[in-house]
Amino acid sequence: MTRYIPLLIFSLFSFLCSCTSDIDQTGTEKQRVTLTLSLGCRDMVTADFLQPQADDKPSAVAEVRGNTTKGDNTTPSGTGTDLIRNAYVVMCKDRKVEHIYHVINEGGNDFERHQVASISTETGEYTFYSFANLQFNETVEGGEVKSLVIHGVEVMEGQAPLLSVTFRVGEGLPNFRFNNKDYGNVDNMVVSCEYNGFDLVKSNKGRGVPMSNKETHTIDNNMTLVLSLYRLLAKMQMTFNNKTAQPIRILKIETGDITKNTGETLTRPSCTYLFPPLDNNGLVTTNFERITSHDTCSYVHYDKSATPDQSQKIKADGTFTFPDFYINDSEATNAMKSFPLTILMQRQNAEGQWVNDERKALIQLPRIPRNTVAYVKINLTDYVLKLKAFTYAPIGG
């Protein structure tokens, strides 16, 4: 029996060591767990909606229907999608940067979801800052990203970005900088928005649709997290139904109260937040209250008024859906809290000549947040319409 005593003592010692957790300076027990991170982009969901009104003249009737989309005018892979092309995840604890991960598809194709890393880490509360398809500058040492610069606008001020933020491993959360001066906390960073008329292939220097998010999670066990990215832009999809007995030409489509493109001449940061504003239910909303340089415009999505023969023609009793119109996240500022819609079209008179006919409607959406799509159905008729407004449950309601 004596020969077994050392073996039993050693086994007991090993067992105790395997169950022992680290103790920090405050006496708090720290455990290490395995964390697997993935990164994905959210589907674009419908904006909240009501059925719009018609005015007291023959008018376009606009109504929004619920749906989700990944972009009807996108290509499956490579350039020309609204998916992830080049991304980074910044992992922080106690407002200090612990890791920066570069996420890219080695095959070169855009992706909807990708694994980030599988690591051993301490339990606790972590904040993750995720970015995709923005202008980045990284510093890599020993195969790991040690610092990451994110540009908020394409303009440079000398050798430095006019508007940017820099994360560094081992350092605290940074302030964002504007015109070579600290401007504010990264959580409140604002960036330019140039998404009215966004082109999936040509805009943003061909980087794709910019995305971002900030989220906080408690890591208390071995677990897998799927981090989410929200596109910084929104879009509208308009379907025209010609309810008349004659063909119609669509010459011009214009929506009011759309957030104005920033432009490249800046005197102060503008014009939307880098991270998605959330409402009390945790849903993405719009918030421009603290952005004094925010401005709106009446944005023309489509214009063939100068060349009517090249305009979109819709046959009698026909239907046509325009390619998605990309816009900045926007909020209706008028008293009706709706987006004014103006349509210039042409119809034929008794002599067969094309004559202009302008119609107006209200798209009764109080806001069109980022990463949402407004599906607008427009019925073109010869009649004065008396409509009732109906409310529909929001997504998840």
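Predicted model, so just to flag it, every value in this text is computed and none were measured.

Visitor: When you look at the overall build of the protein in this model, what are you seeing that I'm missing?
Guide: A count of helices and strands for the protein gives one helix and 32 strands. Sorting the 397 residues of the protein into buried and exposed places 48% on the buried side. Considering only intrachain contacts with a sequence separation of at least 6, the fraction spanning at least 24 residues in the protein is 73%.

Visitor: Can you walk me through the pairing of strand β11 (residues 136-141) in this structure?
Guide: A regular strand places its side chains on the two faces of the sheet in alternate fashion. Across six bridges, β11 lies against strand β12 (residues 144-151) in antiparallel orientation. Counted as the bridge partner of glutamate 141 is glutamate 144 from β12. Connecting the antiparallel pair β11 and β12 is a turn made up of two residues, with glycine 142 showing a positive phi of about 60°.

Visitor: Even after reading the chapter, I still don't get the nonpolar core, so can you show me in this structure?
Guide: One recurring pattern in soluble globular proteins is that nonpolar side chains are buried together. Val90, Ile100, Tyr129, Phe131, Ile150 and Phe167 are the most contacted members of the largest nonpolar core, which has 41 residues in total. Broken down by secondary-structure element, the contributors of at least two residues to this core are β7 (86-93), β8 (96-104), β10 (124-132), β12, β15 (163-168), β16 (175-178), β18 (190-191) and β32 (372-380). Leave out the neighbours within four places in its chain, and phenylalanine 167 touches Val90, Val97, Ile100, Tyr129, Phe131, Lys146, Ser147, Leu148, Ile150, Leu173, Pro174 and Val186. Counting 27 residues, the second largest nonpolar core, distinct from the first, contains Ala234, Phe240, Ile248 and Phe339.

Visitor: Mind showing me how you'd approach the sheet that holds strand β19 (residues 211-219) here?
Guide: Two strands in a sheet stick together by hydrogen bonds in their backbones, pointing the same way (parallel) or opposite ways (antiparallel). Ordered in space as β8-β7-β10-β19-β20-β3-β9, the seven strands form an open sheet in which the pairing is mixed. The open sheet has two edge strands with one neighbour each: β8 and β9 (113-122). Direction aside, neighbouring strands of the sheet carry axes that sit 20° apart on average. Of the pairings in the sheet, the one linking β10 to β19 comprises nine bridges and is antiparallel in character. The residue of β19 that forms the bridge with glutamate 125 is threonine 218.

Visitor: How do you make sense of the pairing of β32 when you look at a structure like this?
Guide: The buried fraction of β32 amounts to eight of the nine residues, a majority that puts the element mostly inside the structure. Direction of pairing for strand β21 (residues 233-242) relative to β32: parallel, over a ladder of eight bridges. In the strand pairing of β32, glutamine 237 is matched with tyrosine 375.

Visitor: What is the right way to look at the side chain of asparagine 371 in this model?
Guide: Structurally, asparagine 371 is set in the loop between β31 (367-368) and β32. Only 3.1 Å separates the side chain of asparagine 371 from the backbone oxygen of aspartate 43, close enough to count as a polar contact. The residues contacting asparagine 371, other than those within four sequence positions of it, are Arg42, Asp43, Met44, Val45, Tyr230, Arg231, Leu233 and Ala234.

Visitor: Please explain the packing of aromatic side chains as it appears in this structure.
Guide: The way to describe two aromatic rings as a pair is by their centre distance and the angle between their planes. The final tally for this structure, using the stated rule, is 14 aromatic pairs. Aromatic ring contacts, followed pair by pair, group Phe240, Tyr302, Phe320, Phe322 and Phe325 into a single cluster.

Visitor: What is the right way to read the pattern of salt bridges from this model?
Guide: For side chains bearing opposite charge, pairing can occur when the charged atoms are close. Overall, the coordinates contain 14 salt bridges when judged by the stated rule. A salt bridge links arginine 85 to aspartate 110; the nearest nitrogen and oxygen atoms lie 2.8 Å apart. Of the two residues, arginine 85 is situated in the loop between β6 (68-69) and β7 and aspartate 110 in the loop between β8 and β9; the sequence distance between them amounts to 25 residues. Each member of the pair arginine 85 and aspartate 110 is classed as buried. Salt bridges sharing common partners tie together Asp82, Arg231, Lys235 and Asp324.

Visitor: What's the story with the sheet that holds β11 in this structure? I'm lost.
Guide: The strand order β11-β12-β15-β16-β17 describes an open sheet built from five strands, whose pairing is antiparallel. Strand pairing shows two members of the sheet lacking a second neighbour, β11 and β17 (181-185), which therefore form its edges. On average, each strand axis in the sheet is inclined to that of its neighbour by 25°, with strand direction left out of account. The pairing of β16 with β17 spans four bridges and is antiparallel.

Visitor: Which parts of the structure should I look at to understand unusual backbone geometry?
Guide: When glycine is set aside, most residues are seen to have a negative phi, and most peptide bonds are trans. Of note, the phi angle at asparagine 204 is positive, near 55°, even though the residue is not glycine. Position of asparagine 204 relative to the elements: it lies in the loop between β18 and β19. Positive phi, normally seen in glycine, also occurs at aspartate 257, with a value near 65°. Following the sequence through the fold, aspartate 257 ends up in strand β22 (residues 248-259).

Visitor: What am I meant to see in the environment of glycine 40 here?
Guide: Within the element layout of this structure, glycine 40 appears in strand β3 (residues 32-41). Judged by its relative accessible area of 7%, glycine 40 falls in the buried class. In this structure, glycine 40 is in contact with Ile84, Glu112, Arg113, Leu227, Ser228 and Leu229, ignoring residues within four places of it in sequence.

Visitor: Help me out: how do you make sense of the environment of alanine 332 in this one?
Guide: As for its placement among the helices and strands, alanine 332 is situated in the loop between β28 (330-331) and β29 (339-348). On the accessibility criterion, alanine 332 (1% relative accessible area) is buried. For the pair alanine 332 and proline 366, spaced 34 residues apart in sequence, the C-alpha separation works out to 5.3 Å. Here alanine 332 is in contact with Asp257, Lys337, Ser338, Phe339, Leu365 and Pro366, once residues within four sequence places are set aside.

What counts, and where the lines are drawn
- Position numbers for residues count from 1 along each chain, tracking the sequence in the order it is written.
- Totals for whole chains, interfaces and linings use all residues, but because this is a predicted model, local features are given only for residues with pLDDT of at least 70 and pairs of side-chain atoms are given and counted only at 80 or more.
- Remark: hydrogens and water are excluded; side-chain values derive from all non-hydrogen atoms of the structure.
- Numbered from the N terminus, helices here are DSSP runs of H or I no shorter than four residues, and strands are runs of E no shorter than two.
- For each residue, the accessible area found with a 1.4 Å probe, counting protein chains only, is set against the maximum for its type, and the residue is called buried under 20%, exposed over 50%, and partly exposed in between.
- Contact between two residues is taken to exist if any of their heavy atoms lie within 4.5 Å; hydrogens are not considered.
- A pair of strands is treated as paired once DSSP finds two or more bridges between them.
- To form a nonpolar core, buried Ala, Val, Leu, Ile, Met, Phe, Trp, Tyr and Cys residues must be joined to one another through side-chain atoms within 4.5 Å.
- As a rule, the C-alpha atoms of each element are fitted with a line to give its axis, helices using only the stretch in contact, and angles between N-to-C directions run from 0 to 180 degrees.
- Any pair of nitrogen or oxygen atoms within 3.5 Å is treated as a polar contact; in protein, a donor-acceptor pairing is required on top of that, and neighbouring residues in sequence qualify only through side-chain atoms on both sides.
- Between the rings of Phe, Tyr and Trp (Trp by its six-membered ring), a pair exists once the centres lie within 6.5 Å; its type follows the angle of the planes, with under 30 degrees stacked, over 60 edge-to-face, and the other angles tilted.
- Throughout this description, the term salt bridge denotes a Lys or Arg side-chain nitrogen within 4 Å of a carboxyl oxygen of Asp or Glu.

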